[in-house]
Amino acid sequence: NASAGIITMPNQSSVSAVRTSTQSISNVTHTKIQLSSELHDVQNEFDSTTNYRFTATNAGKYLVMGKVLWGNPVDGSRYQVSLRVNNVDKGRSLIRINTANQQTNKSFMIFDLSASDYIELWVYQDSGGADDVTHGDTGDVSLYIHKLS
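Asker: Whenever I open this one, the overall build of the protein confuses me. Can you help?
Answerer: In terms of helices and strands, the protein carries 0 helices and 13 strands. By the compact-globule yardstick of 15 Å for 149 residues, the protein fits well, its C-alpha radius of gyration being 16 Å. Based on the C-alpha atoms only, the size of the protein along its principal axes is roughly 55 × 30 × 25 Å. A burial count over the protein gives 46% of its 149 residues as buried. Each charge class in the protein can be summarised by its mean position, and for the 12 positive and 14 negative side chains these summaries are 6 Å apart.

Asker: Sorry, what's going on with the side chain of Asp140 here?
Answerer: With respect to the secondary-structure elements, Asp140 resides in the loop between strand E12 (131-133) and strand E13 (142-147). Buried and unpaired, Asp140 has no salt bridge, with Lys67 as the nearest side chain of opposite charge at 4.8 Å. In this structure the side chain of Asp140 is engaged in a polar contact, spanning 2.7 Å, whose partner is the backbone nitrogen of Asp137. Those residues within four positions of Asp140 in sequence are excluded, and the remaining contacts are Lys67, Val68, Leu69, Thr134 and His135.

Scoring rules and cut-offs
- All residue numbers here refer to positions counted from 1 along the written sequence of the relevant chain.
- Local features are withheld for residues below a pLDDT of 70 in this predicted model, meaning they are given only at 70 or higher, and side-chain atom pairs are given and counted only at 80 or more; totals for whole chains, interfaces and linings count all residues.
- Heavy atoms from the whole structure form the basis of all side-chain values; hydrogens and water molecules are not counted.
- Only DSSP runs of H or I with at least four residues qualify as helices, and only runs of E with at least two residues qualify as strands; both kinds are numbered from the N terminus onward.
- All radius of gyration figures rest on C-alpha atoms, and the globule criterion is 2.2 Å times the number of residues raised to 0.38.
- Only protein chains enter the calculation, and the probe is 1.4 Å; a residue is then buried if its accessible area is under 20% of its type maximum, exposed if over 50%, and partly exposed in between.
- Under the convention used here, Asp and Glu are negative, Lys and Arg are positive, and both His and the chain ends fall outside the count.
- In this description, the location of a charge corresponds to atom NZ of lysine, CZ of arginine, CG of aspartate or CD of glutamate.
- Each salt bridge in this description consists of a side-chain nitrogen of Lys or Arg and a carboxyl oxygen of Asp or Glu lying within 4 Å of one another.
- Each polar contact in these results corresponds to two N or O atoms within 3.5 Å; when the atoms are within protein, one needs to be able to donate a hydrogen and the other to accept it, and residues that are neighboring in sequence are counted only if both atoms are side-chain atoms.
- Contacts are residue-level and defined by heavy atoms, with any inter-residue pair within 4.5 Å sufficient.

Here it is as structure tokens:
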């Protein structure tokens, strides 16, 4: 009801893509997260089988959040999650681990996208060996995108 200040846009672009299993991440290697399942995808803009990316069908401003759960972090190591637009880092979060416990790493951004621009979730770590992004619960390894305007 617009008169009450509520705007309904049931066909606005919105995606929740998740990984439903563990993915091994090699040491000192930028790696794309293979988000293999969709909780919802209003405009069918997410490819969960080949490229693991969101491709905008319409230009506009998009709120994007990427999240990973590192399974076996090594104390003192660098862990990074990146949001890439057209394969260029546009938003990243870097943490230095000071625990051996599982650690969540997130990045949030608002992007001004053109139609056909694409967004992917990438990670990097330098623990000295392979580490895992871990799926323990729905959303532990995920990408959320919603078109704002």
